[in-house]
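Next come the chains, spelled out residue by residue.
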Amino acid sequence: MLTLPGFVDAHCHAFQRALRGRGHGGDFWAWRDEMIALAGSLSVAEIRSEYLEVYRELRANGYTAVGEFHYLGHEEAKAAADAADEAGIAFVCLYACYLRGGIPRFRQDSVAVYLRELEALRDAGIRVGVAPHSVRACPADALTELGRYAAEHELPLHVHADEQPREIEECLAEHGLRPIELLARSGCLGPSSTVVHATHADGGELDLLRDTGSRICVCPTTEANLGDGFLPVARVCHREIGMCIGSDSNVRIDPLEELRELEGIARRQTGKRGVISVDALLSFGADEGAAALGLDVWPDAVVDLEHPQLRGVDEAAVYEALLFSCTGDVLRKTSDQ
Ligand SMILES: [Zn+2]
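Residues numbered from 1 in each chain as written. Predicted model: local features only at pLDDT ≥ 70, side-chain atom pairs only at ≥ 80, totals over all residues. Heavy atoms only, no water.

(A) How the structure looks around the nonpolar core. One finds Tyr55 and Met243 to be the most contacted residues of the largest nonpolar core, which totals 112 residues. For this core, the leading source of residues is strand S4 (residues 90-97), giving 8 residues. Counting 6 residues, the second-largest nonpolar core is a separate cluster that includes Ala10, Val196, Cys219 and Cys244. (Core = buried A, V, L, I, M, F, W, Y, C linked by side-chain atoms within 4.5 Å. Buried < 20%, exposed > 50% of the residue type's maximum accessible area, 1.4 Å probe, protein only. Helix = DSSP H or I, 4+ residues; strand = E, 2+ residues; numbered from the N terminus.)

(B) Focus on the coordination of the zinc ion. Only His11 (NE2), His13 (NE2) and His160 (NE2) from the protein reach the zinc ion as donors, at distances of 2.0 to 2.1 Å. Donor residues binding the zinc ion come from one chain and are separated in sequence as H-x1-H-x146-H. With respect to class, His11 is no different from His13; both count as buried. (Donors = N, O, S within 2.8 Å, 3.2 Å for Na, K, Ca; no water.)

(C) Fine view of the pairing of strand S6 (residues 157-161). S6 sits mainly inside the fold: 5 of its 5 residues count as buried. A two-sided burial pattern is seen for S6, the buried positions comprising Leu157, Val159 and Ala161 on one face and His158 and His160 on the other. With 5 bridges connecting them, S6 and strand S7 (residues 193-197) associate as parallel partners. Directly across from His158, in S7, lies its bridge partner Thr194. (Pairing = 2+ DSSP bridges.)

(D) Local environment of the state of the cysteines. Here the structure, examined in full by the defined rule, presents 0 disulfides. In this structure Cys97 is a free cysteine whose sulfur lies 4.2 Å from that of Cys138, the closest cysteine sulfur available. Unpaired in this structure, Cys219 has its nearest cysteine sulfur neighbour in Cys217, at a distance of 4.1 Å. (Disulfide = S-S within 2.5 Å.)

(E) Examining unusual backbone geometry more closely. Phi at Glu154 is positive, roughly 50 degrees, even though this residue is not glycine. Relative to the helices and strands, Glu154 is located in the loop between helix H5 (140-152) and S6. Phi angles above zero are rare outside glycine, and Asp248 is one such case at about 50 degrees. Its place among the elements puts Asp248 in the loop between strand S9 (242-245) and helix H11 (255-270).

Encoded structure:
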């Protein structure tokens, strides 16, 4: 057995796991219609029981902490936290502010209402982050207020941006700015900020992430599944922007596959191997994710060195073999958890 810092799932929508085997065809926006129909149908009790199973699956595959990017309601956030407790996974509720679009269940009437709900979760002992859902769901003045609140309260801030070209076109039409430019102008970027996806970020937007010390949460299996595109990984690495990983829609739950895909994208883009070092990949999978969630401590994961997938691998090569040749089931809970 070999102990590692546990992998951190910095971006999860647990309910979307139920779309496995569904929502085939169309494009991102067609998938989103199915996702919204599912989101509207779930009871609090269903969320409690379904999230428990998803968090158990995360745990069984080496994730020991999860940032649940949650937009299904306030009581439902507590149910998610209870499910995480039962599954034994460290939990941060990235509670989404959603002010326009979507369905009523997603939305709050104002930033003030949102902040009251967020504070109620904190008062209930739940670790939280501020999560303006996106520049689609939050107008500019709300982004400014949320950026200020997160800074004042030293909370992580997570936001989706640049996942799809249409989102960029709409943002340019409304604000004359690209999404990450708008986030910068609204005070939403900084060392505690994580931009989820950034798939279509241009050079200027990547510069803004670098200059503000913001991170990118990349979710390669979901981004592939939804036809989002490729993160410009080599350009992100060149700027030394921190990255972390998320299981996002949970079409797959496997941190090793997310990291392998991340490096795989970079290899396809550059024609070179080893674009990201093994150490850096492991750090993206664990420490960077924990930092993105504001977690100082989280449980370890254990590698089963006797697992058939590692048969014949030299001890010195275990980390590389883990990343490039194994699935998450070589990872185990530590015995005391
Ligand atoms: Zn997401």
